[in-house]
Amino acid sequence: MIQVDWRGRTLNILSWVILIAVLAPEWWAFFKSEAFVFVNGWDEETYLSWQGVLGAKDGPGYYSLYLYWALHQIGFSGAVQNLISDTIFFPLTIYLVFLSLKRINFGADSALAYAVLICLSSVLFNYANPLVSYLLGPYNGNAIFMAGHEYYPTILRTPNPQVSYFLLALAVYGFLRLRRAWILLLPLPLLYFHVAVPYVFLLGLVAAHWIVVTKFRSTGSPGRTVLVFLTIFLAFSLGLTLLFYLGGLYRPDNVIRQSSHLFIETRRPQIPLILMLLGLLGALIIFFKWAHPSKFQGAALGWLAMAALMSVNVHVVAGFMLSQKNYYDYGLSVLFGLGLVLMIEMLLNEKVRYWVVLFALLLVGYAAFQSQHRYAKYAVSMSARIAPILKEVRKDPLHSIIPSLDVSSMMAYSTPKLLAPPFSYLYYFGFIARQCSEYELLLDNAVAYAKGVLQDQPEQLKELMKTASNIERGRREAGAMPYSEQDYCHANFNHKKEFTLFQSK
């Protein structure tokens, strides 16, 4: 452990600076914006809008949306909910990881630095890292080698995987404090699917090791170890395949199967690029005797590596990939962060260890801040476009025609319980578009109106027609999904009412 005072203080101060720096752009955007619409993760505006919450909250892995449903009822917009969640769950997760590391004998300063590193290290393993984007090139979900595709720290994506990470950190701390293994199982019903799968594989591997070594007092030969790994992979993959079957994913008309972005039929194995890079780095530092793993460190690295490899190859048994990139972005990123910390702890030279931690913190801090800063500037620019028309749009959003797709789609995110205008990409998603059967007629009427009033503005009309076409494609993909007919439907769809065209900057 790093014990020299000035080094520890430096890491401690830097950890706090990074924490503040990551949150500062979001708060700056809040005070700078008249219409606050900050997002810092993929599709936050979809899932945190009122219709997004209503459509997704009862789906497996999305039960945490009931919290955001309550916040809408209280009067918080989706954007403000994002701000609240980032400000509470992000630091609390770091704190819980810090407490857990202290319980396994890390010093206070190194534990805080490692906690920040673990929670933010996804930017080292996804396309925020130029090396990753250079090696992999354009995203291909069916490639043999793959990594996380997003450009932001995944812990900041609200509600998931953010809430899932918090629940896992809470469970691990509870287990370390109370020494009750069943505590580790408590978060499972609430976890985001692509976080739950690597977690379950990791728990299975650790449990198998405990049974083999502790119960049967066997150190395990290489052949036996491989057999145990294969047994866990097959057993858990078959269990997931059964869940897929019960969930209807093998029915040809299943909604998810219609989306080439979410569903790819293949059994071709896949290898995480980061696993190869970290494995090569670990082999080099051990070969040159810069590091010497303890028995526990070696075993833990093996568990993490195998959990990562198993998670991204469930399709070998199931026969299809399901949102494959999400395993990397939201599941494996945490495993790799833990692995990176273990590899740093293996380093024999204390000064080298300190400088590696310092350098790694600077890297993740810089990348995370850059991501937040970029999103903050975008939010402020969007506010300037939304604010002048927001008051009028709020009066009747379903009859508001806004040619700009971004402006139209952010409206519902800016205001609690506001419905999205008809030309919004929120309706690309079946769980939103299939909430009201009358939406189809509304969109048809909106298209007819737009064609009438925008004849002399072909570029704006073209953008609206492209949006309508994408919505129609989503409608076809979700054809087997019944309409939920939410409570808001019939009271808001007045098909005789005139539309209003709003021009944004």
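Just above, that's the structure.
Being a predicted model, the structure only gives us computed values, none of them experimental.

A. Focus on the overall build of the protein. Counting its secondary structure elements, the protein contains 21 helices and 6 strands. Taken against the 2.2 N^0.38 rule, which gives 23 Å for 505 residues, the C-alpha radius of gyration of the protein at 24 Å falls within 12% of a compact globule. Overall, the protein is about 75 × 50 × 45 Å in size when its C-alpha atoms are taken along their principal axes. The buried share among the 505 residues of the protein stands at 54%. For the protein, restricting intrachain contacts to residue pairs at least 6 apart in sequence, the fraction spanning at least 24 positions comes to 75%. When the accessible surface of the protein is split by element, carbon and sulfur atoms take 66% of a total near 23,000 Å². For the protein, the separation between the mean place of its 39 positive charges and that of its 29 negative charges on side chains is 12 Å.

B. Here's a closer look at the state of the cysteines. What the rule picks out here adds up to 1 disulfide. What pairs with cysteine 436 in a disulfide is cysteine 489, and their sulfur atoms sit 1.9 Å apart. Measuring the twist about the S-S bond at about -80 degrees, one finds the cysteine 436-cysteine 489 disulfide to be left-handed. Of this pair, cysteine 436 sits in the loop between α18 (430–433) and α19 (439–453) while cysteine 489 sits in helix α21 (residues 489–492); the two residues are 53 residues apart in sequence, bridging distant segments of the chain. For the residue pair cysteine 436 and cysteine 489, the accessibility class agrees, reading buried in each case.

C. Geometry of unusual backbone geometry. A cis amide bond links threonine 158 with the next residue in sequence, proline 159, at an omega value of 0 degrees. As for its position among the elements, proline 159 is in the loop between β1 (145–146) and α9 (162–178). Cis rather than trans, the peptide bond between asparagine 160 and proline 161 has omega equal to 15 degrees. One non-glycine residue, asparagine 105, lies in positive phi territory at about 75 degrees. Among the structural elements, asparagine 105 can be located in the loop between α5 (78–103) and α6 (108–120).

D. Focus on the pattern of salt bridges. For the structure shown, the criterion picks out 12 salt bridges. Across the salt bridge formed by glutamate 472 and arginine 476, the nearest N and O atoms sit 4.0 Å from each other. Taken together, the residues span about one helical turn, with glutamate 472 and arginine 476 both in helix α20 (residues 458–477) at a distance of 4 residues. Among the residues examined, glutamate 472 registers a relative accessible area of 27% and is labelled partly exposed. A single salt-bridge network, built from bridges that share partners, covers Arg434, Glu440, Glu472, Arg475 and Arg476.

Cut-off values and rules
Sequence order as written defines residue numbering, which begins from 1 separately in each chain. Residue-level local features of this predicted model are given only where pLDDT is at least 70; pairs of side-chain atoms are given and counted only at 80 or more, and the full residue set underlies all totals for whole chains, interfaces and linings. Side-chain measures here rest on the full set of heavy atoms in the structure, leaving out hydrogens and waters. Labels follow the DSSP assignment, with helices taken as runs of H or I lasting at least four residues and strands as runs of E lasting at least two, numbered in each case from the N terminus. Radius of gyration: over C-alpha atoms. The globule rule applied is 2.2 Å multiplied by the number of residues raised to the 0.38 power. For every residue, the accessible area (1.4 Å probe, protein chains only) is compared with the maximum for its type, and the residue is labelled buried under 20%, exposed over 50%, or partly exposed between those bounds. Only heavy atoms matter for contacts: two residues are in contact if any of them lie within 4.5 Å across the pair. Using a 1.4 Å probe, accessible areas were evaluated by the Shrake-Rupley method; residue-level cover was limited to the displayed protein chains. By the counting rule applied here, Lys and Arg register as positive and Asp and Glu as negative, while His and the ends of each chain are not counted. By convention, the charge on Lys lies at NZ, on Arg at CZ, on Asp at CG and on Glu at CD. By definition, disulfides here are pairs of cysteine sulfur atoms that lie within 2.5 Å. Think of a salt bridge as a Lys or Arg side-chain nitrogen and an Asp or Glu carboxyl oxygen that are within 4 Å of each other.

Honestly, it's all geometry; don't read function into it.
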